[in-house]
Amino acid sequence: MASDNRASVFPFAAAVLVVLLAGGAAADDASSDDDAGTSRTPGCSNKFQLVKVKNWVNGTEGTTFVGLSAKFGAPLPRDIHEAKKSFAVLSNPIDCCSNLTSKLTSSVAIATRGECAFTEKANIAQASGSTGLLVINDNEELYKMVCGENDTSINVTIPVVMIPQSAGKKLKNLLHHGASVEVQLYSPNRPTVDLSACFLWIMAVGTIVCASLWTEFVTCEQVDERYNQLTRKDGPDTGTKYREDKEVFEISAKGAFIFIIVASVFLLLLFYFMSSWFVWVLIVLFCIGGIEGMHACLVTLLARIFKDCGQKTVQLPVLGEVLILSVGIVPFCAVFAILWAVYRHASFAWIGQDVLGICLMITVLQMARLPNIKVASALLSAAFVYDIFWVFISPLIFHESVMIAVARGDNTGESIPMLLRIPRFFDPWGGYDMIGFGDIIFPGLLVGFSYRFDRANRKGVLSGYFLWLIVGYAVGLFITYLALFLMDGHGQPALLYLVPCTLGVIVILGWLRGELYELWNFGKSPGENFVNEP
(Lines give C-alpha, C1' and ligand atoms only; values in the text may rest on other atoms or scores of the structure.)
Protein backbone atom coordinates (compact mmCIF):
# COMPACT_ATOMS: atom_id res chain seq x y z
CA MET A 1 0.00 0.00 0.00
CA ALA A 2 1.32 3.47 -0.81
CA SER A 3 2.35 5.89 1.88
CA ASP A 4 -0.92 7.88 1.59
CA ASN A 5 -2.69 5.35 3.71
CA ARG A 6 -0.32 5.64 6.59
CA ALA A 7 -2.13 7.31 9.47
CA SER A 8 -0.44 10.60 10.16
CA VAL A 9 0.55 11.51 13.67
CA PHE A 10 -0.94 14.97 13.27
CA PRO A 11 -4.64 14.13 13.63
CA PHE A 12 -3.87 12.38 16.90
CA ALA A 13 -1.93 15.40 18.13
CA ALA A 14 -4.74 17.67 16.95
CA ALA A 15 -7.19 15.43 18.80
CA VAL A 16 -5.42 16.34 22.02
CA LEU A 17 -6.46 19.95 21.51
CA VAL A 18 -9.89 18.85 20.35
CA VAL A 19 -10.64 16.77 23.42
CA LEU A 20 -9.45 19.50 25.75
CA LEU A 21 -12.55 21.44 24.82
CA ALA A 22 -15.14 18.80 25.66
CA GLY A 23 -17.51 21.39 26.96
CA GLY A 24 -20.76 19.49 26.79
CA ALA A 25 -23.93 20.59 25.10
CA ALA A 26 -24.27 24.33 25.46
CA ALA A 27 -26.34 27.25 24.23
CA ASP A 28 -24.39 30.27 23.01
CA ASP A 29 -26.90 32.92 24.03
CA ALA A 30 -27.62 34.56 27.34
CA SER A 31 -29.53 32.55 29.85
CA SER A 32 -32.80 33.66 31.35
CA ASP A 33 -32.19 31.74 34.54
CA ASP A 34 -32.13 33.54 37.86
CA ASP A 35 -28.95 34.10 39.83
CA ALA A 36 -28.77 32.38 43.17
CA GLY A 37 -29.17 34.69 46.10
CA THR A 38 -30.84 37.60 44.33
CA SER A 39 -33.37 39.66 46.19
CA ARG A 40 -36.91 38.34 46.63
CA THR A 41 -38.41 41.57 47.96
CA PRO A 42 -41.91 42.52 46.74
CA GLY A 43 -41.78 43.84 43.20
CA CYS A 44 -38.37 42.31 42.61
CA SER A 45 -39.13 38.69 41.72
CA ASN A 46 -39.30 38.74 37.92
CA LYS A 47 -37.51 36.15 35.86
CA PHE A 48 -34.80 37.48 33.63
CA GLN A 49 -35.98 37.49 30.02
CA LEU A 50 -34.15 38.07 26.77
CA VAL A 51 -35.77 41.01 24.97
CA LYS A 52 -35.91 41.83 21.29
CA VAL A 53 -35.49 45.56 20.68
CA LYS A 54 -36.75 46.48 17.21
CA ASN A 55 -36.01 50.01 16.11
CA TRP A 56 -36.86 52.43 13.32
CA VAL A 57 -34.75 55.46 12.34
CA ASN A 58 -36.72 58.16 10.55
CA GLY A 59 -39.28 55.52 9.63
CA THR A 60 -36.73 52.99 8.26
CA GLU A 61 -36.39 49.74 10.19
CA GLY A 62 -32.93 49.14 11.64
CA THR A 63 -31.16 46.04 12.93
CA THR A 64 -32.94 44.36 15.85
CA PHE A 65 -30.72 43.87 18.90
CA VAL A 66 -31.13 41.84 22.07
CA GLY A 67 -31.43 43.09 25.63
CA LEU A 68 -32.14 41.56 29.03
CA SER A 69 -35.05 42.48 31.30
CA ALA A 70 -34.55 43.44 34.94
CA LYS A 71 -35.54 41.61 38.08
CA PHE A 72 -38.16 44.31 38.62
CA GLY A 73 -40.60 46.24 36.43
CA ALA A 74 -43.48 45.36 34.13
CA PRO A 75 -43.28 42.13 32.11
CA LEU A 76 -42.93 42.45 28.35
CA PRO A 77 -45.42 41.01 25.85
CA ARG A 78 -44.56 37.70 24.24
CA ASP A 79 -46.19 38.48 20.90
CA ILE A 80 -44.84 41.22 18.67
CA HIS A 81 -48.39 42.22 17.77
CA GLU A 82 -49.03 43.10 21.43
CA ALA A 83 -45.93 45.30 21.68
CA LYS A 84 -46.36 49.06 21.18
CA LYS A 85 -44.04 51.34 19.27
CA SER A 86 -42.70 54.26 21.28
CA PHE A 87 -40.31 57.08 20.54
CA ALA A 88 -36.90 56.82 22.21
CA VAL A 89 -35.56 59.85 24.09
CA LEU A 90 -32.22 60.39 25.83
CA SER A 91 -32.65 61.13 29.52
CA ASN A 92 -31.15 64.38 30.78
CA PRO A 93 -28.98 63.90 32.77
CA ILE A 94 -27.93 60.84 30.79
CA ASP A 95 -27.40 58.67 33.89
CA CYS A 96 -31.06 59.19 34.93
CA CYS A 97 -30.05 59.58 38.57
CA SER A 98 -31.69 62.96 39.30
CA ASN A 99 -34.76 64.92 38.26
CA LEU A 100 -35.00 64.89 34.46
CA THR A 101 -35.29 67.97 32.30
CA SER A 102 -36.07 66.03 29.10
CA LYS A 103 -39.66 65.37 28.09
CA LEU A 104 -40.30 61.62 28.41
CA THR A 105 -44.09 61.43 28.36
CA SER A 106 -45.18 58.32 26.42
CA SER A 107 -41.55 57.71 25.39
CA VAL A 108 -38.91 55.10 26.21
CA ALA A 109 -36.04 56.66 28.14
CA ILE A 110 -32.43 55.77 27.31
CA ALA A 111 -29.88 56.07 30.12
CA THR A 112 -26.35 54.93 30.85
CA ARG A 113 -25.35 52.55 33.60
CA GLY A 114 -23.73 53.86 36.78
CA GLU A 115 -23.92 56.64 39.42
CA CYS A 116 -27.02 55.21 41.13
CA ALA A 117 -29.03 52.01 41.61
CA PHE A 118 -31.01 50.51 38.76
CA THR A 119 -34.24 50.80 40.77
CA GLU A 120 -33.59 54.52 41.31
CA LYS A 121 -33.16 55.09 37.58
CA ALA A 122 -36.41 53.22 36.92
CA ASN A 123 -38.35 55.25 39.50
CA ILE A 124 -37.07 58.55 38.12
CA ALA A 125 -37.91 57.57 34.53
CA GLN A 126 -41.35 56.38 35.61
CA ALA A 127 -42.03 59.58 37.53
CA SER A 128 -41.19 61.55 34.36
CA GLY A 129 -43.91 59.76 32.41
CA SER A 130 -41.69 57.32 30.53
CA THR A 131 -43.26 54.08 29.26
CA GLY A 132 -40.00 52.15 29.52
CA LEU A 133 -36.28 52.39 30.28
CA LEU A 134 -33.32 51.15 28.25
CA VAL A 135 -30.09 51.04 30.28
CA ILE A 136 -26.87 51.06 28.22
CA ASN A 137 -24.28 48.74 29.70
CA ASP A 138 -20.59 49.69 29.78
CA ASN A 139 -19.62 46.55 27.82
CA GLU A 140 -21.17 44.03 25.44
CA GLU A 141 -22.30 41.58 28.11
CA LEU A 142 -25.92 41.63 29.24
CA TYR A 143 -25.65 42.43 32.95
CA LYS A 144 -28.47 41.17 35.17
CA MET A 145 -30.16 44.11 36.88
CA VAL A 146 -31.24 43.21 40.41
CA CYS A 147 -32.55 45.18 43.37
CA GLY A 148 -30.23 46.72 45.97
CA GLU A 149 -29.95 45.68 49.60
CA ASN A 150 -31.76 48.83 50.71
CA ASP A 151 -34.73 48.26 48.39
CA THR A 152 -37.50 47.05 50.70
CA SER A 153 -40.48 47.57 48.41
CA ILE A 154 -40.32 48.11 44.66
CA ASN A 155 -43.13 49.73 42.71
CA VAL A 156 -41.77 49.95 39.17
CA THR A 157 -44.57 49.56 36.61
CA ILE A 158 -42.59 50.16 33.40
CA PRO A 159 -40.36 47.62 31.65
CA VAL A 160 -36.62 48.03 32.32
CA VAL A 161 -34.14 46.49 29.86
CA MET A 162 -30.34 46.34 29.73
CA ILE A 163 -28.86 46.73 26.23
CA PRO A 164 -25.25 46.18 25.07
CA GLN A 165 -22.79 49.04 24.78
CA SER A 166 -22.57 48.97 20.97
CA ALA A 167 -26.34 49.14 20.50
CA GLY A 168 -26.66 51.94 23.05
CA LYS A 169 -23.86 53.96 21.46
CA LYS A 170 -25.56 53.70 18.08
CA LEU A 171 -28.90 54.91 19.47
CA LYS A 172 -27.21 57.78 21.33
CA ASN A 173 -25.41 58.97 18.20
CA LEU A 174 -28.60 58.89 16.17
CA LEU A 175 -30.54 60.87 18.78
CA HIS A 176 -27.70 63.39 19.23
CA HIS A 177 -27.85 64.10 15.50
CA GLY A 178 -31.59 64.74 15.62
CA ALA A 179 -32.85 61.46 14.17
CA SER A 180 -36.32 60.22 15.04
CA VAL A 181 -35.95 56.80 16.72
CA GLU A 182 -38.82 54.46 17.57
CA VAL A 183 -38.43 51.22 19.50
CA GLN A 184 -40.61 48.18 20.11
CA LEU A 185 -39.89 45.80 23.01
CA TYR A 186 -41.10 42.21 23.26
CA SER A 187 -39.88 38.84 24.55
CA PRO A 188 -41.02 35.89 22.39
CA ASN A 189 -41.18 32.40 23.86
CA ARG A 190 -38.51 29.85 22.97
CA PRO A 191 -39.93 26.56 21.59
CA THR A 192 -39.86 23.62 24.00
CA VAL A 193 -38.10 21.40 21.45
CA ASP A 194 -36.17 22.57 18.40
CA LEU A 195 -35.34 20.24 15.53
CA SER A 196 -31.69 21.30 15.76
CA ALA A 197 -31.27 19.24 18.93
CA CYS A 198 -32.67 16.19 17.14
CA PHE A 199 -30.30 16.66 14.19
CA LEU A 200 -27.32 17.15 16.50
CA TRP A 201 -28.29 13.98 18.38
CA ILE A 202 -28.35 12.06 15.08
CA MET A 203 -25.00 13.53 14.03
CA ALA A 204 -23.27 12.58 17.29
CA VAL A 205 -24.68 9.04 17.43
CA GLY A 206 -24.06 8.55 13.70
CA THR A 207 -20.43 9.65 14.01
CA ILE A 208 -19.74 7.03 16.68
CA VAL A 209 -21.53 4.26 14.75
CA CYS A 210 -19.71 5.19 11.54
CA ALA A 211 -16.30 5.33 13.24
CA SER A 212 -16.86 1.94 14.93
CA LEU A 213 -17.88 0.18 11.71
CA TRP A 214 -15.48 2.07 9.45
CA THR A 215 -12.58 -0.38 9.56
CA GLU A 216 -14.61 -3.43 8.59
CA PHE A 217 -17.25 -2.05 6.25
CA VAL A 218 -15.44 0.84 4.56
CA THR A 219 -11.76 -0.08 4.54
CA CYS A 220 -12.77 -3.77 4.42
CA GLU A 221 -10.18 -4.94 6.93
CA GLN A 222 -11.29 -8.42 7.95
CA VAL A 223 -10.97 -9.71 11.49
CA ASP A 224 -9.13 -13.01 11.68
CA GLU A 225 -9.67 -14.97 14.89
CA ARG A 226 -5.98 -15.81 15.24
CA TYR A 227 -5.09 -12.13 15.37
CA ASN A 228 -5.42 -9.85 18.35
CA GLN A 229 -7.30 -6.67 17.49
CA LEU A 230 -4.35 -4.53 18.56
CA THR A 231 -1.29 -6.71 17.88
CA ARG A 232 -0.69 -9.11 15.04
CA LYS A 233 0.53 -12.56 16.04
CA ASP A 234 2.60 -15.01 14.09
CA GLY A 235 0.65 -17.62 12.15
CA PRO A 236 0.26 -19.17 8.76
CA ASP A 237 -0.81 -17.04 5.81
CA THR A 238 -4.60 -17.10 5.51
CA GLY A 239 -4.89 -14.84 2.53
CA THR A 240 -6.40 -11.99 4.56
CA LYS A 241 -4.96 -8.59 3.62
CA TYR A 242 -3.74 -6.31 6.36
CA ARG A 243 -2.57 -2.72 6.30
CA GLU A 244 0.91 -3.06 7.74
CA ASP A 245 1.47 0.69 7.66
CA LYS A 246 -1.56 1.64 9.74
CA GLU A 247 -0.52 3.27 13.00
CA VAL A 248 -2.71 2.65 16.05
CA PHE A 249 -2.25 4.49 19.35
CA GLU A 250 -3.11 2.27 22.28
CA ILE A 251 -4.15 4.36 25.26
CA SER A 252 -2.81 3.33 28.69
CA ALA A 253 -4.28 4.02 32.14
CA LYS A 254 -1.29 6.17 33.10
CA GLY A 255 -1.53 8.08 29.84
CA ALA A 256 -5.24 8.72 30.46
CA PHE A 257 -4.59 10.49 33.77
CA ILE A 258 -1.64 12.45 32.37
CA PHE A 259 -3.81 13.52 29.46
CA ILE A 260 -6.52 14.90 31.75
CA ILE A 261 -3.94 16.83 33.80
CA VAL A 262 -2.41 18.34 30.66
CA ALA A 263 -5.92 19.13 29.39
CA SER A 264 -6.74 21.03 32.59
CA VAL A 265 -3.53 23.06 32.40
CA PHE A 266 -4.16 23.91 28.76
CA LEU A 267 -7.76 24.89 29.54
CA LEU A 268 -6.56 27.30 32.23
CA LEU A 269 -4.04 28.83 29.83
CA LEU A 270 -6.83 29.39 27.34
CA PHE A 271 -9.03 30.91 30.05
CA TYR A 272 -6.43 33.42 31.28
CA PHE A 273 -4.65 34.21 28.02
CA MET A 274 -7.49 33.88 25.54
CA SER A 275 -7.05 36.32 22.68
CA SER A 276 -8.04 36.52 19.04
CA TRP A 277 -4.61 35.34 17.88
CA PHE A 278 -4.78 32.37 20.28
CA VAL A 279 -8.17 31.38 18.87
CA TRP A 280 -6.72 31.77 15.39
CA VAL A 281 -4.01 29.24 16.29
CA LEU A 282 -6.75 26.79 17.25
CA ILE A 283 -8.65 27.57 14.04
CA VAL A 284 -5.53 26.83 11.98
CA LEU A 285 -4.91 23.58 13.89
CA PHE A 286 -8.54 22.62 13.40
CA CYS A 287 -8.27 23.28 9.66
CA ILE A 288 -5.09 21.20 9.34
CA GLY A 289 -6.64 18.36 11.33
CA GLY A 290 -9.86 18.67 9.35
CA ILE A 291 -7.96 18.51 6.05
CA GLU A 292 -6.13 15.38 7.20
CA GLY A 293 -9.35 13.78 8.44
CA MET A 294 -11.37 14.66 5.33
CA HIS A 295 -8.54 13.44 3.10
CA ALA A 296 -8.34 10.10 4.93
CA CYS A 297 -12.10 9.58 4.78
CA LEU A 298 -12.48 10.54 1.11
CA VAL A 299 -9.51 8.46 -0.05
CA THR A 300 -10.89 5.43 1.78
CA LEU A 301 -14.43 5.89 0.48
CA LEU A 302 -13.43 6.53 -3.14
CA ALA A 303 -10.91 3.69 -3.11
CA ARG A 304 -13.71 1.45 -1.85
CA ILE A 305 -16.05 2.55 -4.66
CA PHE A 306 -13.48 2.81 -7.46
CA LYS A 307 -11.10 -0.04 -6.73
CA ASP A 308 -8.82 0.67 -9.69
CA CYS A 309 -8.23 4.25 -8.58
CA GLY A 310 -7.22 3.05 -5.13
CA GLN A 311 -4.26 1.10 -6.54
CA LYS A 312 -2.64 3.60 -8.93
CA THR A 313 0.32 5.49 -7.53
CA VAL A 314 2.73 8.20 -8.64
CA GLN A 315 6.25 9.06 -7.49
CA LEU A 316 6.58 12.59 -6.11
CA PRO A 317 9.64 14.46 -4.83
CA VAL A 318 10.06 14.36 -1.04
CA LEU A 319 6.72 12.55 -0.56
CA GLY A 320 7.77 9.45 -2.48
CA GLU A 321 5.09 7.06 -3.74
CA VAL A 322 1.57 8.34 -3.23
CA LEU A 323 -1.85 7.46 -4.58
CA ILE A 324 -3.01 9.41 -7.62
CA LEU A 325 -6.41 9.58 -5.92
CA SER A 326 -4.81 11.29 -2.94
CA VAL A 327 -3.07 13.88 -5.12
CA GLY A 328 -6.44 14.97 -6.47
CA ILE A 329 -8.23 14.96 -3.12
CA VAL A 330 -5.76 16.96 -1.00
CA PRO A 331 -6.31 20.26 -2.88
CA PHE A 332 -10.08 19.84 -2.62
CA CYS A 333 -9.84 19.28 1.16
CA ALA A 334 -7.50 22.24 1.57
CA VAL A 335 -9.79 24.58 -0.39
CA PHE A 336 -12.80 23.34 1.61
CA ALA A 337 -11.08 24.11 4.94
CA ILE A 338 -9.77 27.50 3.76
CA LEU A 339 -13.23 28.56 2.53
CA TRP A 340 -14.69 27.56 5.89
CA ALA A 341 -12.07 29.65 7.71
CA VAL A 342 -12.74 32.67 5.47
CA TYR A 343 -16.55 32.44 5.78
CA ARG A 344 -16.68 31.02 9.33
CA HIS A 345 -19.02 33.83 10.45
CA ALA A 346 -21.52 33.24 7.63
CA SER A 347 -24.91 31.69 8.37
CA PHE A 348 -23.95 28.52 6.46
CA ALA A 349 -20.48 28.07 8.02
CA TRP A 350 -21.74 25.48 10.52
CA ILE A 351 -22.04 22.98 7.65
CA GLY A 352 -18.34 23.17 6.82
CA GLN A 353 -17.36 23.07 10.49
CA ASP A 354 -19.43 19.94 11.10
CA VAL A 355 -18.11 18.18 7.97
CA LEU A 356 -14.49 18.86 8.94
CA GLY A 357 -15.17 17.92 12.57
CA ILE A 358 -16.90 14.64 11.79
CA CYS A 359 -14.11 13.58 9.39
CA LEU A 360 -11.49 14.47 12.00
CA MET A 361 -13.27 12.49 14.74
CA ILE A 362 -13.72 9.42 12.53
CA THR A 363 -10.00 9.50 11.74
CA VAL A 364 -9.02 9.95 15.38
CA LEU A 365 -11.25 7.05 16.45
CA GLN A 366 -9.47 4.86 13.88
CA MET A 367 -6.08 5.78 15.32
CA ALA A 368 -6.67 5.78 19.07
CA ARG A 369 -7.99 2.63 20.76
CA LEU A 370 -8.80 1.43 24.24
CA PRO A 371 -7.27 -2.01 24.93
CA ASN A 372 -9.72 -3.06 27.68
CA ILE A 373 -12.25 -1.88 30.25
CA LYS A 374 -9.54 -1.23 32.82
CA VAL A 375 -8.08 1.58 30.72
CA ALA A 376 -11.56 2.69 29.65
CA SER A 377 -12.58 3.07 33.30
CA ALA A 378 -9.49 5.17 34.04
CA LEU A 379 -9.95 7.43 31.02
CA LEU A 380 -13.72 7.93 31.23
CA SER A 381 -13.75 8.34 35.02
CA ALA A 382 -11.05 11.01 34.78
CA ALA A 383 -12.90 12.72 31.92
CA PHE A 384 -16.13 12.51 33.96
CA VAL A 385 -14.55 14.42 36.85
CA TYR A 386 -12.78 16.81 34.46
CA ASP A 387 -16.00 17.80 32.68
CA ILE A 388 -18.00 18.30 35.89
CA PHE A 389 -15.24 20.29 37.58
CA TRP A 390 -14.61 22.74 34.73
CA VAL A 391 -18.32 23.31 34.02
CA PHE A 392 -20.00 23.23 37.45
CA ILE A 393 -17.31 23.65 40.14
CA SER A 394 -14.92 26.09 38.44
CA PRO A 395 -17.36 29.05 38.87
CA LEU A 396 -16.86 28.75 42.64
CA ILE A 397 -13.12 29.32 42.17
CA PHE A 398 -12.85 31.42 39.00
CA HIS A 399 -16.23 33.21 39.27
CA GLU A 400 -17.44 31.75 35.95
CA SER A 401 -17.48 28.40 34.20
CA VAL A 402 -14.01 28.01 32.68
CA MET A 403 -15.17 25.41 30.15
CA ILE A 404 -18.08 27.48 28.83
CA ALA A 405 -16.05 30.72 28.77
CA VAL A 406 -13.33 29.06 26.68
CA ALA A 407 -15.84 27.38 24.36
CA ARG A 408 -17.49 30.76 23.70
CA GLY A 409 -14.15 32.47 23.10
CA ASP A 410 -15.12 35.30 25.45
CA ASN A 411 -13.85 38.79 24.57
CA THR A 412 -12.19 37.61 21.35
CA GLY A 413 -14.98 37.96 18.82
CA GLU A 414 -14.26 34.37 17.80
CA SER A 415 -15.57 31.00 18.96
CA ILE A 416 -13.64 27.78 19.46
CA PRO A 417 -14.21 25.53 16.40
CA MET A 418 -13.82 22.20 18.23
CA LEU A 419 -17.59 21.72 18.39
CA LEU A 420 -20.37 20.25 16.33
CA ARG A 421 -23.03 22.90 16.05
CA ILE A 422 -26.31 23.38 14.30
CA PRO A 423 -28.59 26.46 14.20
CA ARG A 424 -31.85 26.48 16.12
CA PHE A 425 -34.15 26.59 13.11
CA PHE A 426 -37.44 27.55 14.79
CA ASP A 427 -36.09 29.55 17.71
CA PRO A 428 -36.94 33.27 17.45
CA TRP A 429 -33.71 33.97 19.31
CA GLY A 430 -31.59 32.03 16.85
CA GLY A 431 -28.28 30.74 18.18
CA TYR A 432 -26.84 27.24 18.02
CA ASP A 433 -27.04 23.93 19.82
CA MET A 434 -23.54 22.53 20.30
CA ILE A 435 -21.65 19.52 21.56
CA GLY A 436 -17.92 19.30 22.22
CA PHE A 437 -15.78 16.88 20.23
CA GLY A 438 -14.67 15.24 23.46
CA ASP A 439 -18.25 14.29 24.27
CA ILE A 440 -18.17 12.16 21.11
CA ILE A 441 -14.55 10.96 21.14
CA PHE A 442 -14.40 9.75 24.75
CA PRO A 443 -17.52 7.54 24.60
CA GLY A 444 -16.67 6.68 20.97
CA LEU A 445 -13.42 5.03 22.08
CA LEU A 446 -15.39 2.74 24.39
CA VAL A 447 -18.04 1.96 21.76
CA GLY A 448 -15.29 1.12 19.27
CA PHE A 449 -13.71 -1.24 21.80
CA SER A 450 -17.05 -2.98 22.37
CA TYR A 451 -17.40 -3.64 18.64
CA ARG A 452 -13.90 -5.14 18.42
CA PHE A 453 -14.59 -7.28 21.48
CA ASP A 454 -17.85 -8.56 19.99
CA ARG A 455 -16.19 -9.43 16.68
CA ALA A 456 -13.23 -11.12 18.36
CA ASN A 457 -15.53 -13.31 20.46
CA ARG A 458 -18.10 -13.93 17.68
CA LYS A 459 -20.96 -12.36 19.61
CA GLY A 460 -24.33 -11.68 18.06
CA VAL A 461 -26.02 -8.30 17.97
CA LEU A 462 -28.10 -8.85 21.11
CA SER A 463 -25.61 -11.01 22.99
CA GLY A 464 -22.78 -8.54 22.40
CA TYR A 465 -22.09 -5.08 23.81
CA PHE A 466 -21.90 -2.79 20.79
CA LEU A 467 -25.66 -2.32 20.27
CA TRP A 468 -26.32 -1.71 23.96
CA LEU A 469 -23.55 0.89 24.19
CA ILE A 470 -24.94 2.71 21.16
CA VAL A 471 -28.36 2.73 22.85
CA GLY A 472 -26.73 3.87 26.09
CA TYR A 473 -24.91 6.72 24.36
CA ALA A 474 -28.10 7.80 22.56
CA VAL A 475 -30.04 7.79 25.85
CA GLY A 476 -27.24 9.65 27.64
CA LEU A 477 -27.19 12.35 24.99
CA PHE A 478 -30.97 12.65 25.17
CA ILE A 479 -30.70 13.14 28.95
CA THR A 480 -28.02 15.80 28.34
CA TYR A 481 -30.39 17.84 26.19
CA LEU A 482 -33.23 17.28 28.63
CA ALA A 483 -31.00 18.69 31.38
CA LEU A 484 -30.06 21.59 29.08
CA PHE A 485 -33.76 22.39 28.67
CA LEU A 486 -34.53 22.07 32.39
CA MET A 487 -31.56 24.31 33.24
CA ASP A 488 -32.82 27.08 30.89
CA GLY A 489 -29.93 26.75 28.44
CA HIS A 490 -27.04 26.68 30.92
CA GLY A 491 -24.12 24.66 29.51
CA GLN A 492 -24.09 21.05 30.69
CA PRO A 493 -21.11 18.70 31.19
CA ALA A 494 -22.34 16.03 28.78
CA LEU A 495 -19.95 13.40 30.17
CA LEU A 496 -21.88 13.60 33.45
CA TYR A 497 -24.65 11.73 31.64
CA LEU A 498 -22.73 9.92 28.90
CA VAL A 499 -20.16 8.12 31.07
CA PRO A 500 -22.74 6.32 33.29
CA CYS A 501 -24.80 5.46 30.19
CA THR A 502 -21.84 3.88 28.37
CA LEU A 503 -19.17 2.74 30.83
CA GLY A 504 -21.87 1.87 33.37
CA VAL A 505 -23.78 -0.18 30.79
CA ILE A 506 -20.80 -2.31 29.71
CA VAL A 507 -19.65 -2.90 33.29
CA ILE A 508 -23.11 -3.95 34.49
CA LEU A 509 -23.75 -6.12 31.43
CA GLY A 510 -20.32 -7.73 31.74
CA TRP A 511 -20.93 -8.47 35.42
CA LEU A 512 -24.38 -9.95 34.77
CA ARG A 513 -22.99 -12.14 31.95
CA GLY A 514 -19.94 -13.23 33.92
CA GLU A 515 -17.59 -11.63 31.37
CA LEU A 516 -16.36 -8.65 33.36
CA TYR A 517 -12.93 -10.23 34.02
CA GLU A 518 -12.44 -10.87 30.30
CA LEU A 519 -13.51 -7.31 29.44
CA TRP A 520 -11.23 -5.91 32.14
CA ASN A 521 -8.15 -7.81 30.94
CA PHE A 522 -8.92 -8.09 27.23
CA GLY A 523 -5.82 -8.20 25.03
CA LYS A 524 -3.32 -8.75 27.88
CA SER A 525 -2.55 -12.39 27.20
CA PRO A 526 -2.07 -13.33 23.53
CA GLY A 527 -4.66 -15.73 22.25
CA GLU A 528 -6.92 -15.78 25.31
CA ASN A 529 -9.58 -13.57 23.70
CA PHE A 530 -10.13 -15.54 20.54
CA VAL A 531 -11.82 -18.74 19.59
CA ASN A 532 -9.59 -21.19 17.73
CA GLU A 533 -10.41 -22.15 14.20
CA PRO A 534 -12.20 -25.51 13.96
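Residues numbered from 1 in each chain as written. Predicted model: local features only at pLDDT ≥ 70, side-chain atom pairs only at ≥ 80, totals over all residues. Heavy atoms only, no water.

An unreviewed UniProt entry lists the protein under the name Signal peptide peptidase-like 3, with Zea mays as the source organism. The record held by UniProt for the protein lists under Function (unreviewed entry) the comment "Intramembrane-cleaving aspartic protease (I-CLiP) that cleaves type II membrane signal peptides in the hydrophobic plane of the membrane." According to its UniProt record, the protein has this under Subcellular location (unreviewed entry): "Endosome membrane". (UniProt positions renumbered as here; feature names shortened; annotations may be inferred.)

1. Let's talk about the pairing of strand β14 (residues 419-423)
β14 sits mainly inside the fold: five of its five residues count as buried. Of the two faces of β14, the one holding L419, R421 and P423 and the one holding L420 and I422 are both buried throughout. Bridging between β14 and strand β15 (residues 432-436) involves five bridges; their strand directions are antiparallel. Within β15, the position partnered with L419 by the bridge is G436. (Buried < 20%, exposed > 50% of the residue type's maximum accessible area, 1.4 Å probe, protein only. Helix = DSSP H or I, 4+ residues; strand = E, 2+ residues; numbered from the N terminus. Pairing = 2+ DSSP bridges.)

2. Some thoughts on the environment of F348
With respect to the helices and strands, the residue F348 is situated in the loop between α7 (324-342) and α8 (349-367). Taking C-alpha positions, F348 is 9.7 Å from I422, a pair spaced 74 residues apart along the chain.

3. Some words on the pairing of strand β5 (residues 85-90)
Walk down a regular strand and you will see the side chains alternate between the two sheet faces. Where β5 meets strand β9 (residues 181-186), three bridges bridge the pair, whose relative direction is antiparallel. Each residue of the ladder has a partner; that of S86, found in β9, is V183. With four bridges connecting them, β5 and strand β6 (residues 107-112) associate as parallel partners. Residue pairing in the sheet places L90 in a bridge with I110 of β6.

4. Description of the confidence of the model for the protein
The pLDDT averaged across the protein works out to 80; a share of 82% of its residues lies at or above 70. Residue range residues 1-39 is modelled with pLDDT below 50. Its contacts to residues more than four positions away, or to other chains, number 134 contacts. (pLDDT = per-residue confidence, 0-100. Contact = heavy atoms within 4.5 Å.)

5. Details of the packing of aromatic side chains
By the definition in use, this model includes 16 aromatic pairs. Ring centres 6.4 Å apart and planes at 45° place the aromatic pair Y343 and F348 in the tilted group. Taking the relative accessible area as the measure of exposure, Y343 reaches 44% and is therefore partly exposed. Note on F348: relative accessible area 48%, which makes it partly exposed. Between F453 and Y465 the ring centres are 5.8 Å apart and the planes differ by 70°, which places this aromatic pair in the edge-to-face class. Taken as a pair, F453 in helix α11 (residues 438-456) and Y465 in the loop between α11 and α12 (466-486) lie far apart in primary sequence, 12 residues in all. A relative accessible area of 0% places F453 in the buried class. One aromatic cluster in this structure is built from F271, Y272, F389, W390 and F398. (Phe/Tyr/Trp six-rings, centres within 6.5 Å; stacked < 30°, edge-to-face > 60°.)

6. Here we look at the nonpolar core
L370, I435, L446, F449, Y473 and I506 are the most contacted members of the largest nonpolar core, which has 99 residues in total. Those residues in contact with L370, other than ones at most four positions away along the chain, are I251, V375, A376, L379, L445, L446, F449 and R452. (Core = buried A, V, L, I, M, F, W, Y, C linked by side-chain atoms within 4.5 Å.)

7. Section: the packing of α7 against α8
The N-to-C vectors of α7 and α8 enclose an angle of 135°; their axes lie 9 Å apart at closest approach. As far as their axial angle goes, α8 and α7 are oblique. α8 is crossed by α7, and the crossing has left-handed handedness. On α8, the residues that touch F336, A337 and W340 of α7 are A349, G352, Q353, V355 and L356. Of the residues that constitute the contact of α7 with α8, the class distribution is six nonpolar, two polar and no charged. (Axes fitted to C-alpha atoms, helices over the stretch in contact; angles between N-to-C directions. Parallel < 35°, antiparallel > 145°, perpendicular 65-115°, else oblique. Left-handed = near helix turned anticlockwise from the far one by under 90°. Nonpolar A, V, L, I, M, F, W, Y, C, P; charged D, E, K, R; others polar.)

8. A closer look at unusual backbone geometry
The omega torsion across N92 and P93 is 10°, close enough to zero to call that bond cis. Within the secondary structure layout, P93 lies in the loop between β5 and β6. Unlike most non-glycine residues, S106 shows phi in positive territory, near 60°. Position of S106 relative to the elements: it lies in the loop between β5 and β6.

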